[in-house]
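Survey of secondary and tertiary structure
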Amino acid sequence: RPRVLSGIQPTADSFHLGNYLGAVGHWVALQDTYDAFYCVVDLHAITAGHDPRMLAQRSRVAAAQLLAVGLDPERCTLFVQSQVPEHAQLAWVLGCITGFGEAGRMTQFKDKSQRQGNERASVGLFTYPILQAADILLYQADAVPVGEDQRQHLELSRDLAQRFNTLFGPTFTVPEAHIVKDTAKITDLQDPTAKMSKSSSSPAGIVLLLEDAARSAKKIRSAVTDTGQEIVFDAQQKPGVSNLLTIYSALSGRSIDDLVAAYAGKGYGDLKKDLGEVVREFVAPIQDRTRGYLADPAQLDRLLVTGAQKARAVAGPTLRAVYERVGFFPPV
Ligand code: AQP
């Protein structure tokens, strides 16, 4: 079976709808057709400053949400990145074949370092995409399901795989991005041209899976919509309404055309009110199940250790091959 890998950062107390619709929702579907590896990338989560008292619990909450949305440890390998040391080990090697200028062209680094103030941005934030390449290449992933914001990082992973293979001999599968166009960029409710984002959206711009659904409904009611009154899908001219239609369609399974027809002659208020209800129905069972997994943290931690062991069984041989090719002693 072809292999898939993806990861999510435990940088907040909940995933948001962009994370779910752009990536995590697809992970669930891909479990059946791929040999699937999914990780909570806590090494990535310390690149922009973090609270050590919160990190382990956030990783647990992230894993619980992944299980709650439908990842099944019998059908996929779910683990926490820091429990698989091969990620950091391979990242070092890949960093040594990455150009400084090449890494400096990553737009996410430019945006985030600018927001933090260039002097304060860490070297870890700079090398983040190299660690991401290691995450992917260790598992010989064929496909990587991510949102549109990760496209450039995926290109770097492909370049590094090809470069390593050329320099040291065939070692890595060259991965493809798996980006589902319709939901690849869910936008901020308050700024519908920007992506919905944990770090840059205001609380009013972002709908969290684990927040009170009444709060989500309120945010949706206050979402910035466009001039005019007609409910039509036009991402250029009407990004606000189009974003709401995208979310509505993805969560309800109804097509955009069907929704546009159903709301003909109705106003933005109707659409927003109904979407609030759709979100409520969608998140209620996820919240219940997440609470269920978090009620037994020891069991959750055991499940993640088993996942890390399964992951290491694949990552270990890749790292061993890399060590041999570059001339290191074998890992012990
Ligand atoms: N708005 C989005 N639309 C579609 N997909 C999105 N993803 C993130 N935002 C959107 C996808 O979610 C996955 C997990 O990404 P991550 O752990 O890197 O999360 P993130 O990037 O920290 O999430 P944010 O909210 O975008 O935070 P910032 O802005 O801090 O980086 C990825 O596949 C991502 O594409």
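Residue positions are given per chain, counted from 1 along the sequence in the order it is written. It should be noted that, the model being predicted, local features are given only for residues of pLDDT at least 70 and side-chain atom pairs only at 80 or more, the latter also being counted only at that level, while totals for whole chains, interfaces and linings use all residues. To get the side-chain values, all heavy atoms of the structure are used, and hydrogens and water are removed first.

Going by the annotation in an unreviewed UniProt entry, the name recorded for the protein is Tryptophan--tRNA ligase, with Salinispora arenicola given as the source organism. UniProt positions are given in the numbering used here, feature names are shortened, and annotations may be inferred rather than shown by experiment. For the protein, the Sequence similarities (unreviewed entry) comment in UniProt is given as "Belongs to the class-I aminoacyl-tRNA synthetase family." UniProt lists a comment for the protein under the heading Subunit (unreviewed entry), and it reads "Homodimer."

Put simply, a residue is near a molecule or strand once any heavy atom of it comes within 4 Å of that molecule or strand. Inspection of the region around the ligand gives 22 residues, with Asp149, Lys195, Ser197, Lys198 and Ser199 positioned closest. In protein, a polar contact requires one atom able to donate a hydrogen and another able to accept it; more generally it is a pair of N or O atoms within 3.5 Å, and residues adjacent in sequence count only if both atoms are side-chain atoms. With respect to the ligand, the side chain of Asn19 contributes an N or O atom lying 3.1 Å from an oxygen atom. At 2.5 Å, a side-chain N or O of Ser197 approaches an oxygen atom of the ligand. A run of DSSP states H or I qualifies as a helix once it reaches four residues; a run of E qualifies as a strand once it reaches two. Both are numbered from the N-terminal end. The dominant element in the shell around the ligand, judged by the number of residues it contributes, is helix α1 (residues 17-30), at 4 residues. Class assignment for the residues of the shell around the ligand results in 7 nonpolar, 10 polar and 5 charged. When residues are grouped by polarity, Ala, Val, Leu, Ile, Met, Phe, Trp, Tyr, Cys and Pro land in nonpolar, Asp, Glu, Lys and Arg in charged, and all others, Gly among them, in polar.

Attention shifts here to the pairing of strand β1 (residues 3-8). Where burial is concerned, most of β1 is hidden: 5 out of the 6 residues are buried. Two elements, β1 and strand β2 (residues 35-40), share 6 bridges in a ladder whose sense is parallel. Bridge assignment links Ile8 to a residue of β2, and that residue is Val40. Handedness is read with the strands pointing away from the viewer; a crossover is right-handed when the path from the first strand over the helix to the second is clockwise. Note that the unit made of β1, α1 and β2 has a crossover that is right-handed. Only protein chains enter the area calculation, which uses a 1.4 Å probe; residues under 20% of their type maximum are buried, those over 50% are exposed, and those in between are partly exposed. Strand pairing is defined by DSSP finding a minimum of two bridges between the two strands.

This next bit is on helix α11 (residues 268-294). Think of an α-helix as 3.6 residues a turn; residues three or four steps apart then line up on the same face. Take the residue count of a helix, subtract one, and multiply by 1.5 Å to get its expected span. With 27 residues, α11 should cover 39 Å at 1.5 Å per step; its first-to-last C-alpha distance of 38 Å lies within 8% of that length. In the structure, α11 departs most strongly from a straight axis at Val283, where the bend amounts to approximately 30° and where the proline Pro285 lies between one and four residues downstream. In this scheme, the bend at a residue equals the angle between the axes fitted to the seven residues that finish there and the seven that begin there.

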